[in-house]
Amino acid sequence: MNVLAVREALKSYGATQALGGASFELAQGELLGLLGPNGAGKTTLVRSIAGRVKLGGGSIELLGKPLEGSGGRALLGVVPQEIALYPLLTARENLEAFGRLNGLRRAALAERVAWALEWTALADRAKEPIRHFSGGMKRRLNIACGVLHQPRVILLDEPTVGVDPQSRERIYEMLDKLRAAGASLLLTTHQLEEAEGHCDRIVIIDHGRIIATGTLEELVARTVGHHRRVTIRLDRAPSQPITGFNGGSEGPLLRAQVDDVGAELPALIQRAEAAGCAIQDIEVRRPSLQSVFIHLTGRELRE
Amino acid sequence: MIPTLLWIYWTSLRRDRVAQAMTFLLPIIFFSIFASVFGGRGRDTMSRVPVAVADESHSEMSRRLVRALGREKSLALRTSARPLGAPREAAEVTIDRARAEAMVKDGDLSVALVLPAGIDTSLDRFDGRGQPSTMLSDPSDPIAPQMVAGLLQKVVMTAAPATIAKNGIGAFERYSGPLTPQQRKAMDTWLPMIDQEAAGARDSAASDSGHAGAGGFSGLVRVESVEVLGQKKDNALVSFYAAGIAVMFLLFSASAGGGALLDEVDSGTLDRVLTSSVGMTGLLAGKWLYIALVGVLQICVMFLWGRLAFRLDLFHHLPGFAVMTVVTAATAAAFGLVLATLCRTRQQLSGISTIVILSISAVGGSMFPRFLMSQGMQKMGLFTFNAWALDGYIKVFWRNARVIDLAPQVGVLLAFLTAFLIVARLMARRWERS
């Protein structure tokens, strides 16, 4: 069952088209990664779902009901990319403020604030103004303030930007708990490894249009294929080209793409040694989201 | 190295219009405003002191004095006015003492002169003990009574020099014996001449001097000064400056409060709040209310300090003070929101609000009483809301005005408030859905 559906979303700013008919769905309990180069339309898409951008065409449905104007979003949680908190308030006060703004009162508010402080591991720092917090602590609180009212659908705009690996892991643990509680998550990120490791499905947007949707396996199969990339480093550049290395060579580096690593790799090693070179290192890489992303969006820099 | 740095800074300045305005326009604007306010730009625009005259003598001498005062270019003399409580179209009648006192109390003018019966015979005494004239004055304007008193001494001499000379010689004869026939003949020839000369010289000479420097001489006319709003209001100016400074700093704090909106835009907090159940109207209303409440507190603190440190009579004026404070703070808060919503960045707000606030504080009378400015500047001040706020406070603390008497000031401030809120709401539309 889809909890969020965006259909043919259109948006232009003057002569610039930000969204050119983007469509995708978010399923119940899913963690969907929305990826795209800079200026591809991710932020416009997320802001339009959040009610902050008025679409020029198309529709958005939340839990089967069309979203109009800026209302009807009580079941939606938005976690902005910025640390959108009040720096002079304590962690608890920030949670209470955003809880109230999202309609929580008295016992329900107190209960959710207590939950959020535990969930973010900030219970022991609850009474401190957050301006003294580390980047990771602010990020966790930033997320908590957006999900305090137990939304069914949560939009997370680059929730791990600028934090260390430990905090990043902690944040994904938090998101897993939200999913376990029944929430569905749409996440934008430039951290492709994170998306690869945590997202159920990937949506790639470019030039305002969705250009690919699916699981990592599906995207790989549709784009770069399942072959592995083998790189062998020799102690020196071979005096003559060595057959079998269909990925080319560059000095002491030999490259090849193989479909069956177990069957094809020993033969490649044997040929390299037969050329009189010693092997220093072997790397076997499976197709990554990075290669899919580059394949789909190109290597050209985006402004 | 240094030329490179100069090039970087100069290029940055060329591309920053706000910085250019702050660097080059701001000093010019400030110079112009302060020169106009404090310099009394141009003689023809200089403030004329309005003064009412009640002639209780009805003598030839008192009429001469009134005419002579009327010719003084630094005075705007009034001898008639509508009767008290009469409709606007009612015919004016000659001002008597009661009407003159009412005019001062109402703030129509800050000084009135009562020429008593018997003033004509008092002038020949030359001992300053004659029938005193009465100067009814408003303590809010400490300069006008001094000026009128000085000019009165002057016009006594210029209006009837022959009479003064004749009475002076009469006094001389009483104490020293009669003049000789030759002296008498010379006097008879000379007296008509000085009256003629005085008449010819009046127009040019009278206006050149606003001050009749008597150089220690107590004067021909005794003047008794009466402050009609209560004698010895030694803290009168304190209440003016308390109001003036409070309103000016209220504007600064309102601007800073409004600026928090720009911080919230930058930090994304505004966006986040707007994705909750709060709309832009609610958000602005909350901000406005908060800034207004802080403003009320700020003014209360200022006046309480005035009470403690300068014996400001706060507690006898609480109702009027409360009304003016609430309305002023509410209007200033809305003004702060206008400034914030007009600006794109905190830096812009900082520069623009400094210019605007200092300008309207100068024109509106926070720094320098408006009644001492030229008439043009006084009229210009009416376009600033803080001038109306200050007028309201002055009414409360100097004229003991009832709350109902504050209706004009409160009405205008509420009109400003409404306009500011509408402008702020319209400007804030750019932060709504794009």
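Please read all numbers here as calculations on a predicted model, not as lab measurements. (Residues numbered from 1 in each chain as written. Chains lettered and ligands numbered in written order. Predicted model: local features only at pLDDT ≥ 70, side-chain atom pairs only at ≥ 80, totals over all residues.)

Participant: How should I be thinking about the overall build of chain A in this particular structure?
Facilitator: The helix and strand tally for chain A stands at nine helices and 14 strands. Over its C-alpha atoms, taken along the principal directions, chain A stretches across nearly 80 × 45 × 35 Å. Among the 303 residues that make up chain A, the fraction classed as buried is 38%. For chain A, the share of sequence-separated contacts (at least 6 apart) that also reach a separation of at least 24 residues comes to 71%. (Helix = DSSP H or I, 4+ residues; strand = E, 2+ residues; numbered from the N terminus. Buried ≥ 20, exposed ≤ 12 C-beta atoms within 10 Å, placed from the backbone. Contact = placed C-beta atoms within 7 Å.)

Participant: Would you mind showing me how to read the overall build of chain B here?
Facilitator: Looking only at helices and strands, chain B features 16 helices and seven strands. Counting only contacts in chain B whose residues sit at least 6 apart along the sequence, the fraction spanning at least 24 positions is 77%.

Participant: Help me understand the sheet that holds strand 4 (residues 57–62) of chain A, please; the structure alone is not making it clear to me.
Facilitator: Hydrogen bonds between backbone groups are what pair the strands of a sheet, and the pairing can be parallel or antiparallel. Residues and elements named next belong to chain A. A sheet is described by the order of its strands in space; here four strands give the open sequence 2-1-4-5, paired in antiparallel fashion. Each of the sheet's edge strands pairs with one partner strand only, and the pair in question is strand 2 (16–27) and strand 5 (65–66). Relative to strand 5, strand 4 runs antiparallel, the two sharing two bridges. For Glu61, the partnering residue across the bridge sits in strand 5 and is Pro66. Contacts between helix 1 (residues 42–49) and the sheet are confined to strand 1 (2–13), strand 2 and strand 4, with strand 1 contributing the most and set at about 120° to the helix. (Pairing = 2+ DSSP bridges. Axes fitted to C-alpha atoms, helices over the stretch in contact; angles between N-to-C directions.)

Participant: What is the right way to look at the nonpolar core in this model?
Facilitator: Here is a general trend for soluble globular proteins: nonpolar side chains tend to be buried in one another's company. Counting residues in each nonpolar core, the largest one holds 131 residues, and the members touching the most others are A:Leu155, A:Leu185, B:Ala333 and B:Ala334. Here this core gets 13 residues from one element, more than from any other, and that element is helix 12 (residues 318–342) of chain B. Apart from the residues lying within four places of it in its own chain, the contact partners of A:Leu185 are A:Leu31, A:Leu32, A:Ile154, A:Leu156, A:Leu175, A:Leu178 and A:Arg179. (Core = buried A, V, L, I, M, F, W, Y, C linked by C-beta atoms within 7 Å.)

Participant: Looking at this structure, how should I read the interface of chain A and chain B?
Facilitator: The figure often quoted for interface size is the accessible area lost as the parts come together. The interface is formed by 17 residues belonging to chain A together with 13 residues belonging to chain B. Here the residues of the side of chain A that touches chain B sort into nine nonpolar, four polar and four charged. (Nonpolar A, V, L, I, M, F, W, Y, C, P; charged D, E, K, R; others polar.)

Participant: Before we go on, may I ask you to explain the packing of helix 4 (residues 135–147) of chain A against helix 5 (residues 165–180) of chain A in this structure?
Facilitator: Each pair of packed helices gets described by two things: the angle between the helix axes and the distance between those axes. Residues and elements named next belong to chain A. Helix 5 packs onto helix 4 with a crossing angle of 15° between their chain directions and a minimal axis gap of 10 Å. Here helix 4 is positioned roughly parallel relative to helix 5, judged by the angle of their axes. As for the relative orientation of helix 4 and helix 5, their crossing is right-handed in sense. Where helix 4 abuts helix 5, its residues Gly136, Arg139, Arg140, Ile143 and Val147 lie against Ser167, Arg170, Ile171, Met174 and Leu178. Residues that form the contact of helix 4 with helix 5 fall into these classes: five nonpolar, two polar and three charged. (Parallel < 35°, antiparallel > 145°, perpendicular 65-115°, else oblique. Left-handed = near helix turned anticlockwise from the far one by under 90°.)

Participant: Explain the sheet that holds strand 9 (residues 201–206) of chain A here, please?
Facilitator: All names here are of chain A. One open sheet accounts for six strands, arranged 6-7-8-3-9-10; its pairing is mixed. The strands lining the two open edges of the sheet, one partner per strand, are strand 6 (76–79) and strand 10 (209–214). The sheet shows a mean angle of 15° between the axes of neighbouring strands, taken without regard to direction. Relative to strand 10, strand 9 is paired through five bridges, and the arrangement is antiparallel. Residue pairing for strand 10: Ile204 is matched across the bridge by Ala212.

Participant: Any chance you could explain helix 8 (residues 261–274) of chain A here in plain terms?
Facilitator: Turn by turn, an α-helix covers 3.6 residues, leaving residues three or four places apart pointing in a common direction. A rise of 1.5 Å per residue sets the reference length of helix 8 of chain A, with its 14 residues, at 20 Å; its end C-alpha atoms lie 20 Å apart and thus fit the reference within 8%. Two residues or fewer after helix 8 of chain A comes A:Gly276, characterised by a positive phi angle close to 85°. (Expected span 1.5 Å × (residues − 1).)

Participant: Explanation requested: the domain arrangement of chain B in the structure shown.
Facilitator: All names here are of chain B. If you check the domain split of chain B, you get domain 1 (50–227) and domain 2 (236–431). Contact residues are listed per partner, giving eight residues for domain 1 and eight residues for domain 2. Residues that form the side of domain 1 that touches domain 2 fall into these classes: two nonpolar, three polar and three charged. (Domains from an automatic or database assignment.)

Participant: Hey, could you run me through the domain arrangement of chain A in this one?
Facilitator: Looking at the assigned domains, one finds that chain A contains domain 1 (1–75 + 151–167 + 179–226 + 288–303), domain 2 (86–150) and domain 3 (227–286). Using C-alpha coordinates to define each centre, domain 2 of chain A is positioned 54 Å away from domain 3 of chain A.

Participant: Help me out: how do you make sense of helix 16 (residues 407–427) of chain B in this one?
Facilitator: Residue and element names in this part refer to chain B. With 21 residues, helix 16 ought to run about 30 Å at 1.5 Å a step, and its terminal C-alpha atoms sit 30 Å apart, in line with that. Taken together, the buried positions of helix 16 are occupied by Gln409, Val410, Leu413, Phe416, Leu417, Phe420, Leu421 and Ala424. Each buried residue of helix 16 lies within a common arc of 135° when the element is viewed along its axis, so the set occupies one face. Opposite the packed face of helix 16, turned more than 90 degrees from it, sit the exposed residues Pro408, Gly411, Thr418, Ile422 and Leu426. For helix 16, the elements touching its buried residues are helix 11 (280–310), helix 12 and helix 15 (385–398). (Arc of directions from axis to C-beta.)

Participant: Help me understand the packing of helix 11 of chain B against helix 12 of chain B, please; the structure alone is not making it clear to me.
Facilitator: Residues and elements named next belong to chain B. Running from amino to carboxyl end, helix 11 crosses helix 12 at an angle of 135°, the nearest separation of the two axes being 8 Å. Relative to helix 12, the element helix 11 is oriented oblique. At the point where helix 11 passes helix 12, the crossing takes the right-handed sense. Residues Leu284, Lys287, Trp288, Ile291, Ala292, Gly295, Val296, Ile299, Cys300 and Phe303 of helix 11 touch helix 12, and the partners they reach there are Phe321, Thr325, Val326, Thr328, Ala329, Ala330, Ala332, Ala333, Ala334, Gly336 and Leu337. Of the residues contributing to the contact of helix 11 with helix 12, the split by class is 16 nonpolar, four polar and one charged.

Participant: Looking at this model, I keep getting lost on the pairing of strand 11 (residues 228–234) of chain A. Mind explaining?
Facilitator: The side chains of a regular strand alternate, residue by residue, between the two faces of the sheet. Residues and elements named next belong to chain A. Across six bridges, strand 11 lies against strand 13 (residues 253–258) in antiparallel orientation. Its bridge partner lying in strand 13, Thr231 is registered against Arg255. Looking at chain direction, strand 11 and strand 14 (residues 279–285) are connected through six bridges and run antiparallel. When the sheet's bridge partners are listed, Thr231 is paired in strand 14 with Glu283.

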